[in-house]
Amino acid sequence: MTKPQDSSFAVQRRSGQIDSTRYWKLSPAEEPGADSALYPQSEGDRQAIAEAAALLREGSPVAFPTETGYGLGADATSTAAVEAVFAAKGRPSDNPLIVHIARRSDLDGLVTEVHPSAAALIDAFWPGPLTVVLPVRPGVLSPLVTAGLDTVGVRMPDHPLALALIRAADCPVAAPSATRSGRPSPTLAAHVLEDLAGYIGGVLDGGAAGVGLESTVVQVQPDGTAAVLRPGGITAEQLAAVLGPGAVAAAPATAVDYAAGPGGASTAPAEAPAAASAPPPGAAQAAGDSSPAPRAPGMKYTHYAPRGALGVVRGASARRVAEAAAGLLQAAQRAGEITGLLLFEEHKALYPAGAAACVVSLGSLASPEEGARSLYAALRRFDEAGATYILAEACPDTGLGAAIMNRLMKAAGGTVIDAD
C-alpha cells in the first residue's frame, strides 16, 4: 500500500497516536422514503453531522448508517482518505469500493454515460439498496476506489442520516462496510465499535439498519440487459419487473464454484475436524482466487465470516439436512469443538435438544426479509459464544434467498456439505 502524502489521520493511525474514535448518538431517523431534506431536526444532530462531515473532508474515515448496514465513508476523490479506509479495514486494494451520492445530479460528474436501461433502474430504485456499475469519468475519483478499472459502482442510500452526511461533506463518499475485512457486516453502531474503535475517526449512530444485507450490484450491458454482479436488497425479480422478462441475468449464490474441491471433485461428509482451524467436515472448498480485480465488492475473497469454521449444509429435504448436520455437530462436540447451528424456524423440531452449544434462528423461510435483517447479527452471535465449528442450513436461492445464500457461501469461504 502506498504511503499517504496528505492524510495525517492515516499516519497517526499507523504510529499508534489515535487511541479513540469519536461517537455521536443521533435521534432516530425517519422512515426510509421520508423527506430527508427535513433531517436532522435537532441542533445536536445537526452539530454531529457537521463534525462528522468535517472529519470526512479532512481525510478521516467516518462510519454512518445506511438502510443496508453501516458504511465506512471516505472522500472518494482523495487517495489518501481512501487509503485510510483500506488501512483501517485491512482490505485488499484490488477490491473496488461503492461510491455513495446524495443527489441524482451528482452522478453527472462521476460517470461518462448512463444507459437508458440503467437510468430506468435508477428511477425505480433510487434512493435504495441498488448499486449501478457505470463507466467512470477519468481523473475524478481516486484510482483506489475503482481498483484501476474503467467503471465505478454508484448508489444513493435510502437513509436520511446518510444523505444528510453526504450533502454536508459535499463530496462523493466511498463506503465499504464499516468492519474489519472479512468480518460480518455491521448492522448496529455497536458492531462498528467492536471492530474499528481506535482505527477510524468517528461513528454516527443512527440505530439498526433496516434491510441488513448490502445493496444489489448490477451492470447494464450494451444490449440493455442487466447482469447482477452481487445479489442484495433488490431482487432479480424486481429488476426484471422494470427491464422486462429475460432482461436480467441473476448472480449465482456465490462467485466461486462450491460444488467441487480444489482438485475439482466433490467430497463426501467425513468426521469432524480435530482442530478449530480445520474446515467443516465434508465441505467442498473453492480453489484460491487469483482472478483480476472484480467489478463489484463481494465478488472475491472470503467475506462476512465468523471466527469459527463455517460450512453450509444443503440437501433434498430439510429432514436430511437436519440429520446430517446433527450428526456432524455431535462428532465435533466429541472432538472438543464449541459448536454453532444456524437454522430456520420451521426446522427447529427436526434437531435433537442441545444439537449445538449455540443455536441461532434466521426466522421463517416464509419471511426472507427477517433472515436478511438478522444474518450478520447471527454470525456475530457465534463469535460471542466462542463457536469454533458452525453449520448453517441452506435456503432456496430465489428472491432475497439468493442474497442470503450469497453471503452465507462467502462467509463459509465457498465450503458446502451435501446431505444427500
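Under an unreviewed UniProt entry, the name given to the protein is Threonylcarbamoyl-AMP synthase, and the source organism is Paenibacillus jilunlii. Entered under Sequence similarities (unreviewed entry) in the UniProt record, the comment concerning the protein runs "Belongs to the SUA5 family."

*Asks:* Could you clarify how one ought to interpret the sheet that holds strand β3 (residues 70-75) in this entry?
*Replies:* In sheet architecture, strand pairing relies on hydrogen bonds along the backbone and comes in two forms, parallel and antiparallel. Pairing is mixed in the open sheet, where eleven strands are placed in the order β1-β8-β2-β3-β7-β4-β6-β5-β9-β10-β11. Each edge of the open sheet is held by one strand with a lone partner, namely β1 (22-25) and β11 (248-249). Sheet topology note: the strand β4 (residues 98-100)/strand β7 (residues 173-174) ladder contains two bridges and is antiparallel. Across the sheet, V99 pairs through a bridge with A174, a residue of β7.

*Asks:* Could you clarify how one ought to interpret the sheet that holds strand β14 (residues 358-361) in this entry?
*Replies:* Taken in spatial order, the five strands of this open sheet run β14-β13-β15-β12-β16, and their pairing is parallel. In the strand order of this sheet, the two ends are held by β14 and β16 (416-418), each with one partner. Sheet twist, expressed as the average angle between the axes of neighbouring strands with direction ignored, equals 20°. Where strand β13 (residues 339-343) and strand β15 (residues 389-393) come together, four bridges link them in parallel fashion. Along β15, the bridge assignment pairs T339 with Y389. Helix α9 (residues 318-334) contacts β12 (309-314), β13, β15 and β16 of the sheet and is inclined by roughly 175° relative to β15. Sheet strands in contact with helix α10 (residues 368-385) are β12, β13, β14 and β15, and its direction is about 170° off that of β14.

*Asks:* Hey, could you run me through the packing of α10 against helix α11 (residues 400-411) in this one?
*Replies:* The packing of two helices is summarised by the inter-axis angle and the distance between the axes. With their axes 9 Å apart at the nearest point, α10 and α11 run at an angle of 15° to one another. Judged on the interaxial angle alone, α11 and α10 are roughly parallel. Note on packing geometry: the crossing formed by α10 with α11 is left-handed. Touching P368, E369, G371, A372, L375, Y376 and L379 of α10 are L400, I404, R407, L408 and A411, all from α11. Looking at side-chain class alone, the contact of α10 with α11 contains nine nonpolar, one polar and two charged residues.

What counts as what
Each chain has its residues counted from 1, running along the sequence as written. In view of the model being predicted, local features appear only for residues whose pLDDT reaches at least 70, and side-chain atom pairs are presented and counted only at 80 or more, with totals across whole chains, interfaces and linings using the full set of residues. Calculation of side-chain values draws on the structure's entire complement of heavy atoms; hydrogens and water are dropped beforehand. UniProt positions are given in the numbering used here, feature names are shortened, and annotations may be inferred rather than shown by experiment. Two strands qualify as a pair provided that DSSP identifies no fewer than 2 bridges between them. The way it works is that DSSP assigns letters per residue, a run of H or I at least four long becomes a helix, a run of E at least two long becomes a strand, and they are numbered from the N terminus. Fitted lines through C-alpha atoms give the axes, limited to the stretch in contact for helices. The angle between two N-to-C directions lies from 0 to 180 degrees. Contacts are assigned to residue pairs with any non-hydrogen atoms lying within 4.5 Å of each other. Should an angle fall under 35 degrees it is called roughly parallel, over 145 degrees roughly antiparallel, and 65 to 115 degrees roughly perpendicular, with every other angle called oblique. Put simply, a crossing is left-handed when the front helix is turned counterclockwise from the back one by less than a right angle, and right-handed when it is turned clockwise. Lys, Arg, Asp and Glu make up the charged group, whereas Ala, Val, Leu, Ile, Met, Phe, Trp, Tyr, Cys and Pro make up the nonpolar group; the residues left over, Gly among them, are polar.

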